[in-house]
Amino acid sequence: RVDIIREEEGALEFDMVGIDAAIANAFRRILLAEVPTMAVEKVFVYNNTSIVQDEILAHRLGLIPIRADPRLFEYRNQGDEEGTEIDTLQFQLKIKCSRNPQAAKESSDPNELYFNHKVYSKHMTWVPLGNQTDLFPDGDFRPVHDDILIALLRPGQEIDVLMHCVKGIGKDHAKFSPVATASYRLLPDITLLQPIEDEAAEMLQKCFSPGVIEIQNIKGKKVARVANARLDTFSREVFRHEGLKNLVRLARVRNHYIFSVESTGILPPDVLVSEAIKILMGKCQRFLNELDSVPME
């Protein structure tokens, strides 16, 4: 069973119930390393007079997440240097820093003194290859974030580079990983072995994360009860108190996994999850086909 708990822009929390730990871990690893994305693979440097070396510049460009659906593209063939419209996205970064003649003489603020002294990801522009204009009439290919700082320039310095983005997976390079984080934990199970009242109840509440333990007023007494165990972080603080440690049992539900997926913005997290499930199903099918092809003695 899969239950969606929380869905926000770029983040998704959901429960997977009734699966084995091996399946949960395989799913996490596929999210990290096998769901494809588009990223800068080749950087052709025509001019770079900034203080950032060519290799460092290329590395920084490669780590910028590109908003492009990888399902629209094919993998580039090994040894193909040029790239085609079906396997490559081309971006250009051409910018030059100059002085601002209108700046006040006593000013020392670079934002007033210079034009284009900060090179951001928003300065990267898509250059269609072949018939990509027809293939993607609504193509809004660009960096996920416009405010990623690439380099700082001073008057006379310029950067002129051409970039080729290709389809790849995180197993080959971390820049292709579609998630910022993908993790899971087992659902906490907190059991109160006997009624805990008054001062002990208040002490118990302080031992857990907010919202885990609530205090009810029953017949004039403060009585503790477990309100929401999934909020617990397993700090084990309760075991430091002699009067409480034997009154509480902490455990985990062995087949209930709480997944947290945070996307880099290339694809929504719900799409990443569905793609990871498809990849896992494909792996299982290939394994079954291999078993069927092996002759039985």
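In the block above lies the structure referred to throughout.
These numbers were taken from a predicted model, which means no experiment stands behind them. (Residues numbered from 1 in each chain as written. Predicted model: local features only at pLDDT ≥ 70, side-chain atom pairs only at ≥ 80, totals over all residues. Heavy atoms only, no water.)

1. Quick notes on the environment of arginine 225
- Checked against the element boundaries, arginine 225 lands in strand 15 (residues 221-226).
- Owing to a relative accessible area of 32%, arginine 225 belongs among the partly exposed residues under this scheme.
- Counting along the chain gives 20 residues from arginine 225 to glutamine 205, while the straight-line C-alpha distance between them is 9.1 Å.
- Setting aside residues no more than four positions away along its own chain, arginine 225 makes contact with Leu192, Val212, Ile213, Glu214 and Gln216. (Helix = DSSP H or I, 4+ residues; strand = E, 2+ residues; numbered from the N terminus. Buried < 20%, exposed > 50% of the residue type's maximum accessible area, 1.4 Å probe, protein only. Contact = heavy atoms within 4.5 Å.)

2. Overview of the nonpolar core
- Counting residues in each nonpolar core, the largest one holds 26 residues, and the members touching the most others are Leu61, Leu93, Met124, Ile150 and Ile159.
- Of all the elements in the fold, those that place two or more residues in this core are strand 3 (37-48), helix 2 (54-62), strand 5 (89-96), strand 11 (149-152) and strand 12 (158-168).
- With near-sequence residues (within four places) excluded, isoleucine 150 lies in contact with Leu57, Arg60, Leu61, Ile64, Leu93, Val119, Tyr120, Ser121 and Met124.
- In terms of nonpolar packing, the next biggest core, distinct from the first, is built from 22 residues, Phe259, Val261, Ile266 and Leu280 among them. (Core = buried A, V, L, I, M, F, W, Y, C linked by side-chain atoms within 4.5 Å.)

3. Some thoughts on the pairing of strand 16 (residues 248-263)
- Pairing of strand 2 (residues 11-17) with strand 16, which is carried by 7 bridges, proceeds in the antiparallel orientation. Residue pairing in the sheet places methionine 16 in a bridge with tyrosine 257 of strand 16.
- Judged from the 13 bridges that link them, strand 13 (residues 179-192) and strand 16 form a sheet pairing that is antiparallel. Within the sheet, the bridge partner assigned to leucine 192 lies in strand 16 and is valine 248. (Pairing = 2+ DSSP bridges.)

4. Observations concerning the side chain of asparagine 48
- Examined against the element boundaries, asparagine 48 turns out to sit in strand 3.
- Looking at asparagine 48, the relative accessible area reads 16%, which means it is buried.
- Looking at asparagine 48, its side chain comes within polar contact range of the main-chain oxygen of valine 52, at 2.9 Å.
- Discounting chain neighbours no more than four positions away, the residues touching asparagine 48 are Gln53, Asp54, Leu57, Glu158 and Ile159. (Polar contact = N/O pair within 3.5 Å; in protein donor to acceptor, adjacent residues only side chain to side chain.)

5. Quick look at the sheet that holds strand 9 (residues 125-126)
- One open sheet holds the 4 strands; their spatial order is 3-12-5-9, and the pairing between them is antiparallel. If you trace the sheet from one side to the other, it starts and ends with strand 3 and strand 9, each paired once.
- Here strand 5 runs beside strand 9; their pairing, made up of 2 bridges, is antiparallel. Bridging across to strand 9, glutamine 92 finds its partner in threonine 125.
- Running over the sheet, helix 2 touches strand 3, strand 5 and strand 12 and is turned about 150 degrees from strand 3. (Axes fitted to C-alpha atoms, helices over the stretch in contact; angles between N-to-C directions.)

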